[in-house]
Amino acid sequence: MEAGGLPLELWRMILAYLHLPDLGRCSLVCRAWYELILSLDSTRWRQLCLGCTECRHPNWPNQPDVEPESWREAFKQHYLASKTWTKNALDLESSVCFSLFRRRRERRTLSVGPGHEFDSLGSALAMASLYDRIVLFPGVYEEQGEIILKVPVEIIGHGKLGEVALLASIDQHCSTTRLCNLVFMPAWFSPFMFKTTSGHVQFDNCNFENGHIQVHGPGTCQVKFCTFKNTHVFLHNVPLCVLENCEFVGSENNSVTVEGHPSADKNWAYKYLVGLIKSSPSILPTEDSDSLMSLDLESRDQAWSPRTCDIVIEGSQSPTSPASTSPKPGSKAGSQEAEVGSDGERVAQTPDSSDGGLSPSGEDEDEDQLTYRLSYQVQGPRPVLGGSFLGPPLPGASIQLPSCLVLNSLQQELQKDKEAMALASSVQGCLIRKCLFRDGKGGVFVCSYGRAKMEGNVFRNLTYAVRCIHNSKIVMLRNDIHRCRASGIFLRLEGGGLIAGNNIYHNAEAGVDIRKKSNPLILCNQIHHGLRSGIVVLGNGKGIIRNNQIFSNKEAGIYILYHGNPVVSGNHIFKGRAAGIAVNENGKGLITENVIRENQWGGVDIRRGGVPVLRSNLICFGYSDGVVVGDEGKGLIEGNTIYANKGCGVWMMSSSLPHVTSNHVSYNGLYGVAVFSQKDGSGELPGGHGAQENFSEDGDAVLWETELEKDEDPLRRPVTTALVESNSINHNGASGLYVQSSEALHVLTNVIHANGDRGITVAQSSQLTRVANNSISCNRQSGVKVEAQCKVELRGNGIYDNRGHGIITKGDSSIVIENDIIGNRGSGLQLLPRSDTKVIKNRIHSFRAYGIAVRGRAKALVQENIIFQGKTSKTIFQQISNNRECVLQNNKFLVFKKKSDTWRLVNPPARPHLESSLRGPSAAHSGQKGTAMATRITARVEGGYHSNRSVFCTIL
């Protein structure tokens, strides 16, 4: 176009009056004219698209107010799709037989209506030839008999949609047909408005009311811009059907039923439909465009996009930790002397150091006094999440998540999982795209080996959105499912497929319900604000639940019960009003690498025979406990970081049999690990995850035990005694471990450090509690306290630098054997009245109190112990002179004779000896546990922690 020509704005005004064929010719003149025609997208192309009676707004019915990226491209796609039904004519004309007698025949147009050529549709069809067009003028046409389409024709209503109504039952026997701009209603003699068994049918811009449409394979159909009011579309064994931009309203049953495996016998239209689908814009995400659907959420939740890698701590105060605990009333400020409490337990009032590592030596120590240092290093399992979770939580601070716990985008997940990518790209059976299902009973029902793919649809105000049963497979991408009166997506009887990138919210039952051996892949969805659970897996249901955001649900984010056995990995489960994950009624599951945070009840709740594997999860900032193992709960709890929950880190009932190993339990508000014997309150379990719930699709209770599998899971080994093993339990608000149990418990090879109360408290233990090879250090009160009538065995522990006594016991038949009890502020070992204890082969030292103190009428056998002198010569042993029930045999008392004396802990070296204690599943984590005991005694004091997290106990 010459520079001296008309301005571009004037050219655009002129070209805006051209019709479609003229625009096409102008675009062929030259490149400048081609670009000029393209620039008319928001003017002329928009007018052509919206003015076409055969189509509607490109984003109808879900987003009619949102303009497409290109009006020209949208018009082009519809134009190409509207010509699919005539592709068969091209095939016939190009065949060898017809090429010999080729003669171009013009299509006729037959008019039907008052004052026109034909009075009825039936009479027009009787005179129609191949590919003729039949135009129905405004009016109501009621056919008294079934209409049989024997030749390919096009039936179009004239005028606006709704002006032409057709009451008929049409049976297609020809290869292809197209119906456009009509209102269909069933005839008086049949509910079927249209049916075909082998041909291809195309519906554009039609309304269907109160009837049925039926397509049998190898027949195919293509439906676009249609409204179905209380109309059922039944697709049986179809190789491929496409429903696009349609609205389904007020169905009394299912809106669409897809039944049977896609037919291997395909008609002529199949390849054209596949080509049309591939050429249309994809709903699959790309790296640049992958973003979540907009949600009506508070700003706190909006921050949780798939790229989220930070956790922001809300509130003005973090859960209670030793660093924030205020001094007890009545204590003197700045006092560094130990005081004796009412129960005889010695409590030191020394101010905390920043990391909880305390030097028992005061700043006013006499330099001329004899000094020595026991240097030792005990490393427990390191937190799997790195340094972000080593320090106390700070209000308003952002915690960086490691890469293994950051949510991936859907595109990233599909690229990693080739099987999921193949599913997402597959086209088989029925494709339902950009449709609206609302205000009815059911959306899409897929059964009996059926196949269906749903992309970009909206399901709202239905009883359920999608049901998939009887070995059927569904692919659901980027759908919006909300306000269903039951579950949003329901799978049973070995249903499966891919559910990815959907927004599922405000449903009355579970967002996704999986049962009876169904095994879907649930990937990168948002499941939130449900009135029950986010995802329910029961009745031998399986599935892979990965990389989802599950939040703000009224009940458990994921609920597993009745032998449900999913793999739950990489999800962010937060802000639920009950538990994050609940495993109940013999539920199983592999739960790994999830972020479970800010839930009202337990981050993970295991009860009633639940036996999951809970591994490498971050469970943090909960408003109750981190992990709850309730009545008859079991399972393996391994390698998790349980951090800054307001309740306990791990809460266990004595009737449960979990294996708690290699976890990092820190900065929780109450106990690190608590074992209780009493039941839950009045028997009502919190948060709805313990009560009897209705999981029947018809509203009746279902007994699933008749269908339960009895397979053995190699990830789970039989456990006959609850086991707390190889954990790092530190900086919790109360005791590191609290036991009030009527059953046996084993506590082995744990590091229990710097907790806000005692290291271990045994308040009740009618059966033996075995505490062996643990490192118990720097706790605010005593290292270990055993209450009356408790049976406890303490063996091979290192109890260092606690602010109270090393061990204080009132226990009955307790055994304290082969422990190192060094550098504690109170007595090394205090035996209270009416206790019965055997104290054998221990090494004991106290700074200012007695090595062993026997109070009142305590019964004890003190044999073969080594007791080191403390600050004064009177701090080795104390007992009442007339107590004959305390027997001392073969003990060794070491006192200083001169300044140069040094002591060494040899044969064996300083305890605990963790290497010899590793066994079972924990052995796999031996690389995370190390022990390096240095026993050289020097003459200089060094307090606090070093960067390698060694503990240095200074002893005077």
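To start, this report covers the structure provided alongside it. Model, not experiment: these values are computed from the prediction.

Topic: the overall build of the protein chain
Right, so step 1: In terms of helices and strands, the protein chain carries twelve helices and 80 strands.
Right, so step 2: Here the protein chain, with 956 residues, has 59% of them falling under the buried criterion.
Right, so step 3: Within the protein chain, counting contacts between residues at least 6 apart in sequence, those at least 24 apart form 56% of the total.
Right, so step 4: Here the protein chain has roughly 37,900 Å² of accessible surface; of this, 51% comes from carbon and sulfur atoms.

Structural notes on the environment of Ser775
Right, so step 1: Residue position: Ser775 is located in strand β63 (residues 775-777).
Right, so step 2: Residue classification places Ser775 among the buried residues on the basis of a relative accessible area of 2%.
Right, so step 3: For the pair Ser775 and Tyr800, spaced 25 residues apart in the sequence, the C-alpha separation amounts to 7.8 Å.

Digging into helix α5 (residues 71-82)
Along an α-helix, residues three or four apart share an orientation, since each turn contains 3.6 residues.
Right, so step 1: The terminal C-alpha atoms of α5 lie 16 Å apart, and with twelve residues this matches the ideal 16 Å at 1.5 Å per residue to within 8%.
Right, so step 2: Within the sequence span of α5, burial applies to Trp71, Ala74, Phe75, Gln77, His78, Ala81 and Ser82. Axial view of α5: buried residues confined to an arc of 160°, hence all on one face.

With respect to the nonpolar core
Right, so step 1: Counting residues in each nonpolar core, the largest one holds 130 residues, and the members touching the most others are Ile134, Phe184, Leu235, Val256, Phe459, Val512 and Ile535.
Right, so step 2: With five residues, strand β28 (residues 458-468) is the largest single contributor of residues to this core.
Right, so step 3: Ignoring anything within four residues of it in the chain, the contact list for Leu235 reads Val215, Cys221, Cys241, Val256, Thr257, Val258, Glu259 and Cys430.
Right, so step 4: One finds Leu405, Val406, Tyr643 and Ala644 within the second-largest nonpolar core, a separate group that totals twelve residues.

Remarks on the packing of aromatic side chains
Right, so step 1: Following the criterion strictly, the structure yields 17 aromatic pairs and no others.
Right, so step 2: Arranged with centres 5.9 Å apart and planes meeting at 70°, the rings of Tyr643 and Tyr667 form a pair that is edge-to-face. Highlighted residues: Tyr643 in strand β51 (residues 641-643) and Tyr667 in the loop between β54 (664-666) and β55 (673-676), separated in sequence by 24 residues. Side by side, Tyr643 and Tyr667 carry an identical accessibility label, which is buried.
Right, so step 3: Three or more aromatic residues joined by ring pairs form one cluster here, namely Phe184, Phe194, Phe203, Phe208, Phe228, Phe248, Phe437 and Phe459.
Right, so step 4: A cation over an aromatic ring shows up here: Lys266 above the ring of Tyr270, its NZ or CZ 5.1 Å from the ring centre.
Right, so step 5: Seen from the ring of Tyr464, Arg467 lies directly overhead, with NZ or CZ sitting 5.3 Å from the centre.

As for the pattern of salt bridges
Right, so step 1: Overall, the coordinates contain 29 salt bridges when judged by the stated rule.
Right, so step 2: Of the charged contacts in the structure, one is a salt bridge between Arg31 and Glu35, with a shortest N-O distance of 3.4 Å. With Arg31 and Glu35 both in helix α3 (residues 31-38), this residue pair falls four residues apart, about one helical turn.
Right, so step 3: Judged by its relative accessible area of 63%, Arg31 falls in the exposed class.
Right, so step 4: One salt bridge in this structure joins Arg515 and Asp513, with 2.8 Å as the shortest N-O distance. In this structure, Arg515 and Asp513 share a single accessibility class: buried.

Remarks on a nonpolar patch on the surface
Right, so step 1: On the surface, Leu6, Leu10, Met13, Ile14 and Tyr17 cluster together into a nonpolar patch covering about 520 Å² of accessible area.
Right, so step 2: Secondary-structure assignment places Met13 in helix α1 (residues 8-15).
Right, so step 3: Using a relative accessible area of 52% as the deciding quantity, one classes Met13 as exposed.

Some words on the pairing of strand β34 (residues 512-515)
Right, so step 1: Burial along β34 is two-sided: the face carrying Val512 and Ile514 and the face carrying Asp513 and Arg515 are both buried.
Right, so step 2: Bridging between β34 and strand β37 (residues 535-538) involves four bridges; their strand directions are parallel. Residue pairing for β37: Val512 is matched across the bridge by Ile535.

Let's talk about the pairing of strand β53 (residues 657-661)
Right, so step 1: A large share of β53 lies buried, amounting to four of its five residues.
Right, so step 2: Relative to β53, strand β50 (residues 634-638) runs parallel, the two sharing five bridges. From the neighbouring strand, Ile637 faces β53, where its bridge partner is Val660.
Right, so step 3: As paired strands, β53 and strand β56 (residues 722-725) are joined by three bridges and run parallel to one another. Directly across from His659, in β56, lies its bridge partner Leu723.

Brief notes about the environment of Trp71
Right, so step 1: Its place among the elements puts Trp71 in helix α5.
Right, so step 2: Owing to a relative accessible area of 1%, Trp71 belongs among the buried residues under this scheme.
Right, so step 3: Between the C-alpha atom of Trp71 and that of Arg44, which follows or precedes it by 27 residues, the distance is 9.1 Å.

Regarding the packing of α1 against α3
Right, so step 1: For the pair α1 and α3, interaxial distance at closest approach is 10 Å and the crossing angle is 70°. Between α1 and α3, the angle is such that the two are roughly perpendicular. Across from Leu8, Trp11, Arg12 and Leu15 in α1, the residues of α3 making contact are Trp33, Leu36 and Ile37.
Right, so step 2: Each residue belonging to the contact of α1 with α3 can be placed in one class, and the counts come to six nonpolar, no polar and one charged.

Re unusual backbone geometry
Right, so step 1: In this model, Gly217 is joined to Pro218 through a cis peptide bond whose omega is 5°.
Right, so step 2: Locating Pro218 in the fold gives a position in the loop between β13 (212-216) and β14 (220-224).
Right, so step 3: Residue Pro912 follows Arg911 across a cis peptide bond; omega there is 5°.
Right, so step 4: Note on placement: Pro912 falls in the loop between β78 (892-894) and β79 (930-933).
Right, so step 5: Its identity as a non-glycine residue notwithstanding, His506 has a phi of 55°, on the positive side.
Right, so step 6: Here His506 lies in the loop between β33 (503-505) and β34.
Right, so step 7: Accessibility expressed as a relative area gives 31% for His506, which makes it partly exposed.
Right, so step 8: Phi angles above zero are rare outside glycine, and Ser552 is one such case at about 60°.
Right, so step 9: In this structure, Ser552 sits in the loop between β39 (549-551) and β40 (558-560).

Thresholds applied
- Residues numbered from 1 in each chain as written.
- Predicted model: local features only at pLDDT ≥ 70, side-chain atom pairs only at ≥ 80, totals over all residues.
- Heavy atoms only, no water.
- Helix = DSSP H or I, 4+ residues; strand = E, 2+ residues; numbered from the N terminus.
- Buried < 20%, exposed > 50% of the residue type's maximum accessible area, 1.4 Å probe, protein only.
- Contact = heavy atoms within 4.5 Å.
- Areas by Shrake-Rupley, 256 points an atom, 1.4 Å probe, with all protein chains shown as cover.
- Expected span 1.5 Å × (residues − 1).
- Arc of directions from axis to C-beta.
- Core = buried A, V, L, I, M, F, W, Y, C linked by side-chain atoms within 4.5 Å.
- Phe/Tyr/Trp six-rings, centres within 6.5 Å; stacked < 30°, edge-to-face > 60°.
- Lys NZ or Arg CZ within 6 Å of the ring centre and 35° of its normal.
- Salt bridge = Lys/Arg side-chain N within 4 Å of Asp/Glu carboxyl O.
- Patch = residues over 30% accessible without salt bridge, like charges linked within 9 Å, V, L, I, M, F, W, Y side chains within 5 Å.
- Pairing = 2+ DSSP bridges.
- Axes fitted to C-alpha atoms, helices over the stretch in contact; angles between N-to-C directions.
- Parallel < 35°, antiparallel > 145°, perpendicular 65-115°, else oblique.
- Nonpolar A, V, L, I, M, F, W, Y, C, P; charged D, E, K, R; others polar.

These figures capture arrangement, not role.
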